[in-house]
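Inside the fold
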Amino acid sequence: MIIRPRRLRKTESIRNLICETKLTPSMLVYPIFVREGKNIIEDIPAMPGQKRYSPDNLNLILDRVNKNKIGGVLLFGIPDENKKDEIGSASWDENGPVQQAIKFIKREYPEIIIFADVCLCEYTNHGHCGVINKFNHEIENDPTLEFLTRSAVSYAQAGADVVAPSDMMDGHTKAIREGLDKNNFYNTLICSYAVKYASGFYGPFREAAGSAPSFGDRKTYQMDIRNSREALREAFLDVEEGADIIIIKPGISYLDILKTVREKILIPIASYQVSGEYSMIKAAGLKGWIDEKKIISETAISIARAGADIIITYFANELAELIHEGGL
Ligand code: PBG
């Protein structure tokens, strides 16, 4: 007997029936930049189509997110320049842009799961993700943990469902879990960026959030792009420290890492298709060099196929709309 796999590809309905990877809007998380102030909606030049919103203007984007039944949003705060200091204290201001945004979303869009990114780089005057030793200019891991915990607790207080520490300090998940529990936020989830590489793909984000380091780079705390076993070690540590979900980042250039970690880790994994990936696809799409919609779907499907349960992507709305229209 001759086996004929082609029979299974004959019609679209058969292909849809048997396909191994299915995308749903509920598995998508949409990152949003929240700027301090009122009545602001600003373009981000390096990320065409993405904008910064003040908390009172978030409905301009959330109506679409809500209608598309996207699982959640991931909030990044952009404080006024004069609020930045050595330790990023604006990140735990109860009236900070992210805290205001969380309260607004909880009240107006209770269905949307709120992830609050926890990091100091948007709030420090030096743009690093941790505090700096005055003498040798190194990023100080352990002293940073207290500040990260303060901002995570502050986001939980405002009503965040999930806190997502992206700083890459060792021990951050444990410190934040203890801080949350001490303040009775037992049910606040931690979605830890466990596997985050020191990547060139974050360039447009740093422009969007004004968070580029003023000296040096992030290679002492983010991961070496040449390493893969290290990803497993980082993932195991965060699971042990109490992470509920882990993030692997960036997305499409790191599918090997995603697949390796997926095979060994039992908790949900999110893959983050980051700003540089978005901007490359967008730029080629705007030039007419690629079919943008096809590439948006294909990259998302590749990420899901490699084993992601959750995809964090600036294309969440486009993807959800494609899914609803039956094009995916
Ligand atoms: C903050 C943070 C960054 C991103 C997410 N959280 C930037 C960085 O590490 O420099 C990047 C996200 C993106 O590029 O879309 N530490």
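Here the structure is shown first, and the text comes after it.
Rules used in this analysis
Residues numbered from 1 in each chain as written. Predicted model: local features only at pLDDT ≥ 70, side-chain atom pairs only at ≥ 80, totals over all residues. Heavy atoms only, no water. Helix = DSSP H or I, 4+ residues; strand = E, 2+ residues; numbered from the N terminus. Buried < 20%, exposed > 50% of the residue type's maximum accessible area, 1.4 Å probe, protein only. Near = heavy atom within 4 Å. Polar contact = N/O pair within 3.5 Å; in protein donor to acceptor, adjacent residues only side chain to side chain. Areas by Shrake-Rupley, 256 points an atom, 1.4 Å probe, with all protein chains shown as cover. 1 Å grid on protein atoms, 1.4 Å probe; cavity = no way out; pocket = protein on both sides within 12 Å on 5 of 7 lines; lining within 4 Å. Sits in = over half its atoms within 2 Å of the grid points. Points joined across faces, edges and corners; volume = space filled by probe spheres on them. Nonpolar A, V, L, I, M, F, W, Y, C, P; charged D, E, K, R; others polar. Salt bridge = Lys/Arg side-chain N within 4 Å of Asp/Glu carboxyl O. Pairing = 2+ DSSP bridges.

Thoughts on unusual backbone geometry
- The peptide bond linking Lys249 to Pro250 adopts the cis configuration, its omega dihedral lying at -5 degrees.
- Its place among the elements puts Pro250 in the loop between strand 10 (245-249) and helix 8 (255-264).
- Even without being a glycine, Lys69 presents a positive backbone phi close to 55 degrees.
- Within the secondary structure, Lys69 is located in the loop between helix 2 (59-67) and strand 4 (72-78).
- For Lys69, a relative accessible area of 60% corresponds to the exposed category.
- Even without being glycine, Asn184 reaches a positive phi, approximately 65 degrees.
- Residue placement: Asn184 occurs in the loop between helix 5 (172-182) and strand 9 (189-196).
- On the accessibility criterion, Asn184 (53% relative accessible area) is exposed.

Here's the deal with the site of the ligand
- The immediate surroundings of the ligand are formed by 19 residues, with Lys196, Arg206, Lys249, Ser275 and Tyr314 found nearest.
- A distance of 3.3 Å is found between a nitrogen atom of the ligand and a side-chain nitrogen or oxygen belonging to Ser166.
- Between Tyr314 and the ligand, the recorded distance is 2.5 Å, taken from a side-chain N or O atom to an oxygen atom.
- Considered on its own, the ligand offers 400 Å² of accessible surface; in the complex 100% of this is hidden by protein.
- Using a 2 Å cut-off from the grid points, one finds that the ligand occupies the largest cavity.

Thoughts on the environment of Gly171
- Assignment of secondary structure puts Gly171 in the loop between strand 8 (162-165) and helix 5.
- Look at Gly171 and you get partly exposed, because its relative accessible area is 23%.
- When the C-alpha atoms of Gly171 and Lys196 are compared, they prove to be 15 Å apart, with 25 residues separating the residues in sequence.

Some points on empty space enclosed by the protein
- Considering all chains together, one arrives at one cavity of 30 Å³ or more under this definition.
- If you add up the space inside the largest cavity, you get close to 150 Å³.
- Together, 20 residues line the largest cavity, and Lys196, Tyr202, Phe205, Arg206 and Lys249 are the ones closest to its centre.
- Where the lining of the largest cavity is concerned, the elements lending two or more residues are strand 9 and helix 6 (203-209).
- Partitioning the lining of the largest cavity into residue classes produces ten nonpolar, four polar and six charged.

Considerations on the layout of surface pockets
- Taken as a whole, the largest pocket encloses approximately 500 Å³ of empty space.
- Forming the boundary of the largest pocket are 13 residues, of which Arg15, Asn16, Cys19, Thr21 and Leu328 lie nearest the centre.
- Here the lining of the largest pocket is built from residues that sort into five nonpolar, four polar and four charged.
- Each pocket or cavity is described by its volume, and for the second largest pocket that value is around 290 Å³.
- Residue lining of the second largest pocket: 19 residues in total, with Ile139, Lys219, Thr220, Tyr221 and Gln222 positioned closest to the centre.
- Per-class residue counts for the lining of the second largest pocket are six nonpolar, six polar and seven charged.

Here's the deal with the pattern of salt bridges
- Scanning the model with the defined rule gives 16 salt bridges in all.
- The closest approach of N and O atoms between Asp43 and Lys51, which form a salt bridge, is 2.5 Å.
- Classification of Asp43 as exposed rests on a relative accessible area of 53%.
- Assessed through its relative accessible area of 26%, Lys51 is described here as partly exposed.
- Across the pair Asp309 and Arg262 runs a salt bridge whose closest N-O atoms are separated by 2.7 Å. With Asp309 in the loop between helix 10 (292-305) and strand 12 (310-313) and Arg262 in helix 8, this pair connects stretches of sequence that are 47 residues apart.

A look at the pairing of strand 10
- Of all the five residues making up strand 10, five are buried; the element is thus mostly covered by neighbouring parts of the structure.
- Neither face of strand 10 is exposed, since Ile245, Ile247 and Lys249 on one face and Ile246 and Ile248 on the opposite face are all buried.
- In the sheet, strand 9 pairs with strand 10 via five bridges, with the strands oriented parallel. Within strand 10, the position partnered with Val195 by the bridge is Ile248.
- As judged from the three bridges shared by strand 10 and strand 11 (residues 269-273), these two strands associate in the parallel manner. Looking across to strand 11, one finds that Ile248 is bridged to Ser271.

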